[in-house]
Amino acid sequence: MLAQPFPLSDYAAILPLTIVATTPLMILLLDLILPKGAPRRDAAVAVGIAGLLLAAYVLVRQYLAHQFAPAFGFGFILGGFSIAFSLIVVAAAIFSLLMVLPQRDDEKVGPSCALMLWSAAGAMLMAGAGDLMTIFLGLEILSLALYCLCGMVLRASPVRLREARESALKYLILSSMASGFMLYGMALLFGATGSVNLAALQAIPAGNPVFAMGCGLFMIGVAFKLGLVPFHVWMPDVFEGAPLPVTAFMSVVTKAGMLAVFARFLYGVLGTDHQALIVPVWIVAGLSMLVGNLAALSQIDMKRLLAYSGIAQLGYIVAALAGTSTLGMRYALFYLGAYTFMNLGAFAVVALISRDQEEDSHLSAFSGLGTRHPLLAAAMAFFLLSLAGLPPTAGFIGKILILASTVAAGYQWLAWLLIAGTAISVYVYIKIVRAMYVPVDLAHIREIRPLSYAPWIAVAVCAVATIALGIYPAALHDVLPRIR
Amino acid sequence: MSVALANYIALSAVIFMIGAAGVVLRRNPLVMLMAIELMWNAANLAFVAYARASMNNAGHIFAFLVITVAAAEAAIGLAIVVIVFRRAEFVDVDEVSVLKG
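Note that this is a predicted model, so its numbers are computed, not measured.

> Hey, could you run me through the overall build of chain B in this one?
In terms of helices and strands, chain B carries three helices and zero strands. What you see in chain B, going N to C, is helices and strands ordered as α-α-α. Here the C-alpha atoms of chain B give a radius of gyration of 17 Å, more than 25% beyond the 13 Å that 2.2 N^0.38 yields for 101 residues. Each principal axis of the C-alpha atoms in chain B carries an extent, and together these give about 55 × 25 × 25 Å. For chain B, the residues scored as buried account for 39% of the 101 residues in total. Long-range contacts, defined as pairs at least 24 residues apart, comprise 58% of the intrachain contacts of chain B with a sequence gap of at least 6. Of the roughly 5700 Å² of accessible surface on chain B, 67% is carried by carbon and sulfur atoms. Here chain B carries 6 positive and 6 negative side-chain charges, and the mean point of each set is 5 Å from the other.

> Just checking my understanding: could you explain the interface of chain B and chain A for this structure?
The accessible area lost on association of the parts is a frequent measure of interface size. Chain B puts 44 residues into the contact, and the matching count from chain A is 39 residues. Between chain B and chain A the total buried area reaches about 3600 Å² when both faces are included, carbon and sulfur atoms providing 81% of it. Joining chain B to chain A, the criterion identifies zero salt bridges. Summed over the shared surface of chain B and chain A, the number is five residue pairs in polar contact (both at pLDDT 80 or more). For the side of chain B that touches chain A, the secondary-structure elements that each account for two or more residues are helix 1 (5–25), helix 2 (29–54) and helix 3 (58–84) of chain B. Element by element, the count of residues in the side of chain B that touches chain A is highest for helix 3 of chain B, at 15 residues. Residues of the side of chain B that touches chain A, tallied by class, amount to 35 nonpolar, seven polar and two charged.

> Hey, could you run me through helix 12 (residues 275–296) of chain A in this one?
Every α-helix carries 3.6 residues per turn, so stepping three or four residues along brings you back to the same face. Residues and elements named next belong to chain A. Between its first and last C-alpha atoms helix 12 spans 32 Å; for 22 residues at 1.5 Å apiece the expected length is 32 Å, and the two agree. Among the residues making up helix 12, those that are buried are Ile 278, Val 281, Trp 282, Val 284, Ala 285, Gly 286, Ser 288, Met 289, Gly 292, Asn 293 and Ala 296. Where the residues of helix 12 are buried, they touch helix 9 (209–226), helix 11 (244–270), helix 13 (302–320) and helix 18 (412–437).

> Sorry, what's going on with helix 14 (residues 326–353) of chain A here?
Compared with the 40 Å implied by 1.5 Å per residue over 28 residues, the 41 Å span of helix 14 of chain A between its first and last C-alpha is a close match. Burial within helix 14 of chain A is extensive, with 26 of its 28 residues counted as buried.

> Got a minute to help me understand the nonpolar core in this structure?
What tends to happen in soluble globular proteins is that the nonpolar side chains get buried as a cluster. If you look at the biggest cluster of nonpolar residues, it comprises 220 residues, and the most contacted ones within it are Phe218(A), Phe262(A), Trp282(A), Phe366(A) and Phe62(B). Tallying contributions element by element places helix 14 of chain A first for this core, with 20 residues. Excluding anything up to four places from it in sequence, Phe218(A) contacts Leu132(A), Ile135(A), Phe181(A), Met182(A), Gly185(A), Met186(A), Leu189(A), Val261(A) and Phe265(A).

Reading the values: rules and limits
- For every chain, the first residue of its written sequence is number 1, and the numbers climb from 1 along that sequence.
- Naming scheme: in the order in which they are written, chains are lettered from A and ligands are numbered from 1.
- Whole-chain, interface and lining totals are the exception, using all residues; otherwise, since this is a predicted model, local features are given only for residues with pLDDT of at least 70 and side-chain atom pairs are given and counted only at 80 or more.
- Side-chain metrics rest on all non-hydrogen atoms present in the structure, leaving aside hydrogens and water.
- Under the scheme used here, helices are H or I runs from DSSP no shorter than 4 residues and strands are E runs no shorter than 2 residues, and both carry numbers assigned from the N terminus.
- The quantity called the radius of gyration is restricted to C-alpha atoms. Its globule counterpart is 2.2 Å times the number of residues to the power 0.38.
- Each residue is placed in one exposure class: buried if its accessible area under a 1.4 Å probe, protein chains only, is under 20% of its type's maximum, exposed if it is over 50%, and partly exposed if it falls in between.
- Throughout, a residue-residue contact means that at least one pair of heavy atoms, one from each residue, lies within 4.5 Å.
- In this description, accessible areas are obtained by the Shrake-Rupley approach with a 1.4 Å probe, and a residue is regarded as covered only by the protein chains that are shown.
- The sign given to each residue is positive for Lys and Arg and negative for Asp and Glu; His and the chain ends receive no count.
- Charge placement uses NZ in Lys and CZ in Arg. For Asp and Glu, CG and CD serve respectively.
- Summed over both partners, buried area is the accessible surface (1.4 Å probe) that two parts give up on being assembled.
- Each reported salt bridge corresponds to a side-chain nitrogen of Lys or Arg within 4 Å of a carboxyl oxygen of Asp or Glu.
- Two N or O atoms count as a polar contact when they lie within 3.5 Å, although within protein this holds only if one can serve as hydrogen donor and the other as acceptor, and sequence-adjacent residues are included solely when both atoms are side-chain atoms.
- Side-chain classes are defined by residue name, with Ala, Val, Leu, Ile, Met, Phe, Trp, Tyr, Cys and Pro counting as nonpolar, Asp, Glu, Lys and Arg as charged, and the others, Gly among them, as polar.
- Helix span, expected: 1.5 Å multiplied by one less than the number of residues in the helix.
- We call a set of buried Ala, Val, Leu, Ile, Met, Phe, Trp, Tyr and Cys residues a nonpolar core when their side-chain atoms join them within 4.5 Å.

Okay, structure coming up:
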């Protein structure tokens, strides 16, 4: 059946992926050629961003051409669905690369950028994955690069170095274990159907025990990577220990890749026949909203706080899929897009106020920011309000849409949990906003001298997008219906 | 005389559980990595057994893919264990506790 070579159009389908995967080679080559110092550092980031922008351009072209093409024998499915997720991954990677610059260490900037791009390529592969093998391959490309990235702190204190390496070890062991669960689940799914293709899995009648067990193990892997509640313990530690740009990258890219896989599995395989198998996922999503926000209340480290808030945010996004309606998928994508901008915007602000060589993400760094740096404080306040889901921001519209879809799907209890979670989260975010604007003795506040102004670009773009999506959500909504 | 498919699957399930228990119970990161390898290879065994039973080569190919990825993962894993415990006399994950979990 597959004796013939793949047609050229198959390779055209994965062109954006190929661009993102080959750019790192160029970065590493330049790293060898260019003189040490600013040229080498800036070139790595510039080439990385150029590669990502080129990939984004190709993705948009593919989208406008309404391409829907299964490539490589249904291994990779190009379509609005994969393009939307890939675009989110690419945008997140660009913002994260901008945050690499303020942390100057010439030795590690090149490899960091390269690994980040490879990781993004893995997520893009997951976005289009049409069979279990591609899902596994994409997941591992994403994860293996991230294990290394977590440990790669740029010049730092011994404690900071130990933190980062510890986070790498924790992530490695827990994530590999989750991959093990997922892999065994895949083996059982393969056993139940005799095919690795997601489309073939659909044909299984409900009540097949091997299929049910395979689904369960697969979902444990998914829940772990998404950081949903019983499987979330790794997230705060890994987020706190990893370098800031990597944390920012992880908070969106791993989630986007895994959400794509989860949504495709949910819509393509489970559909409406296997609703009983999927109910635990909604319960887990509801728990994530509560536990994530409650745990965020007591955090004093910004990265840890954003990790816990990320757990809750992912709960909201997964809740949008409850009922497996087409509309729910669209709303989940809208919220994922909004989450990308507001979350990475907040991370970019943290990157800007970090102390010179050291990352300083303690909440006290934010006190007095309103007087010291009104523009930055305003942007931060805006991102936090959006994360809390207050109008007039993208987060608000996103939450309303999710509420609408969960209620329409008949999951009222999930909608109530969402409202409860949101109520708690308002306290979490308002606490930081208050710290920024409460008048303090300016003599005690340290000067903010960011080493690079690159994250400003990320802050500006994210702020504009958060406002624009909040005021004129139709912009994205008009585009989304084409997604399948 | 051939062995029934169910026996292979039972064996792979036992190996998988030994691996999962190993990751949870053992405190030596090297042993934990080995336990993870057990989990992955239990899946491999299931893949190959199912592939043989259903005469579908996809399972064999999947097993090769997993072996390749596992090798890369082991290389990265050992490197991380080395940098974390470079100055320690013995390795124990309970010692790795700067970050409060």
